[in-house]
Each structure stands twice: as C-alpha cells, then as structure tokens.
Amino acid sequence: MKKYLLILPLLLLSGKGFSQMTGSQTQTTTINFQKAEFPGGDEAFQKEFMNMVHAYIDMALYAVQGKVTFIFNIDPRGKISNIDILPKFKNNEMFIDDMKYAAKKVKGKWKPAMQNGAPVDSKFVMKVNFSTNTYDHD
C-alpha cells in the first residue's frame, strides 16, 4: 500500500510532461488590417456627404433633432453597400433611402479595408448633430 502512495504523486507530477502543447509549440497569428480610406480622409467624406444631403434631401420632411449615428458598410470594391442609422425614428426607412441617395452622389471612391493583403468589408461610423448641422467622427 505504501508503494502505491509513493507512486501516485510521481504520476500526478509527471502528467505535465505528457501534455499535448508545450511552450515551444504555441503559435501566434498576426493579422495585418488597414481601414478603409476615402480620398482626402474621413473629414473630406463627411463634408462631401453633408453637402449632398443639403443639396438633394429636404430635411424638413423628417423630425430629426439631435445626434444621429450613421454606420456605412464599405464593401471590398470600395463602394458603400449598406447604411444603418441610429437611433430609429418615424419615417426611418424613407430617411435611410434618402441618405443612400446622398451617399451615392458623393464623388470619390473608397479604398477598401485590407486584411492580410485582401480587400474586405468594413464599417465607417459618423455622427451628425442635426440640430446644429455639425458632425464629428468617432
């Protein structure tokens, strides 16, 4: 019986030596990501987008006051493929359609986001304060 009591701790301590992964076997994966870019930068897009909104959209149709967050999806071709707007409000669908129209009127094409050398989908977030018609980027 004593013989078994001496062997048991040795077996428990030696279990680490038989584990499947050792420190030298760990792998780290580096992901190289570059965000989408608009010619002239984010500020140039914001300015051009707001110019198109004021030129083509009658904002009096919408009861929009305060900060609105626009979430643009930039596809691998560098085009805006989807727009979401927060918070949701009355006539939200019509407002989104009008904002898509204004976004299509923006001159210039996005350089898509790149991940490990390949173009990928990405998001661009812009906040607009419609009560003062100012905008900022987070």
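Residues numbered from 1 in each chain as written. Predicted model: local features only at pLDDT ≥ 70, side-chain atom pairs only at ≥ 80, totals over all residues. Heavy atoms only, no water.

**Observations concerning the overall build of the protein**
Then step 1. Secondary structure summary: the protein contains three helices and seven strands in total.
Then step 2. N-terminal to C-terminal, the α/β element order of the protein is α-β-α-β-β-α-β-β-β-β.
Then step 3. Looking at the protein alone, contacts between residues at least 24 apart form 71% of all its contacts between residues at least 6 apart.
Then step 4. Surface accessibility of the protein: about 9700 Å² in total, with carbon and sulfur atoms responsible for 57%. (Helix = DSSP H or I, 4+ residues; strand = E, 2+ residues; numbered from the N terminus. Contact = heavy atoms within 4.5 Å. Areas by Shrake-Rupley, 256 points an atom, 1.4 Å probe, with all protein chains shown as cover.)

**As for the environment of valine 106**
Then step 1. Structurally, valine 106 is set in the loop between helix H3 (92-105) and strand E4 (113-115).
Then step 2. In sequence terms valine 106 and glutamine 46 are 60 residues apart; their C-alpha atoms lie 9.7 Å from each other.
Then step 3. Once you skip the residues sitting within four places of it in the chain, valine 106 turns out to touch Phe38, Phe45, Glu48, Phe49 and Met52.

**Digging into the packing of aromatic side chains**
Then step 1. Summed over all chains, the structure comprises 13 aromatic pairs.
Then step 2. On the numbers, 5.7 Å between centres and 80° between planes, the contact of tyrosine 56 with tyrosine 101 is edge-to-face. Here tyrosine 101 lies in helix H3 and tyrosine 56 lies in helix H2 (residues 42-56), a separation of 45 residues in the sequence.
Then step 3. Residue class for tyrosine 101 comes out partly exposed when judged on its relative accessible area of 39%.
Then step 4. Between the aromatic rings of phenylalanine 72 and phenylalanine 124, the centroid separation amounts to 6.1 Å while the plane-to-plane angle is 35°, which identifies the pairing as tilted. Of the two residues, phenylalanine 72 sits in strand E2 (residues 67-74) while phenylalanine 124 sits in strand E6 (residues 122-129), which places them 52 residues apart along the sequence.
Then step 5. For phenylalanine 124, a relative accessible area of 5% translates into the label buried.
Then step 6. Ring pairing ties together the aromatic residues Phe38, Phe45, Phe49, Phe70, Phe72, Phe95, Trp110 and Phe124, which thus form one cluster. (Phe/Tyr/Trp six-rings, centres within 6.5 Å; stacked < 30°, edge-to-face > 60°. Buried < 20%, exposed > 50% of the residue type's maximum accessible area, 1.4 Å probe, protein only.)

**Thoughts on the sheet that holds strand E1 (residues 33-34)**
Then step 1. Strand order in the open sheet formed by three strands is E1-E4-E5, and the pairing between neighbours is antiparallel. Each edge of the open sheet is held by one strand with a lone partner, namely E1 and strand E5 (118-120).
Then step 2. Where E4 lies against E5, three bridges are found, and the strand directions are antiparallel. For glutamine 115, the partnering residue across the bridge sits in E5 and is alanine 118. (Pairing = 2+ DSSP bridges.)

**Points about H3**
Then step 1. If you check H3, its first and last C-alpha atoms are 20 Å apart, about what 14 residues at 1.5 Å a residue would give, namely 20 Å.
Then step 2. Taken together, the buried positions of H3 are occupied by Asn92, Phe95, Ile96, Met99, Ala102 and Ala103. Looking straight down H3, one finds its buried side chains confined to an arc of 120°; they lie on one side. Those residues of H3 that are exposed and angled more than 90 degrees off the buried face are Glu93 and Lys104.
Then step 3. Considering only its buried residues, H3 is in contact with H2, E2 and strand E3 (80-86). (Expected span 1.5 Å × (residues − 1). Arc of directions from axis to C-beta.)

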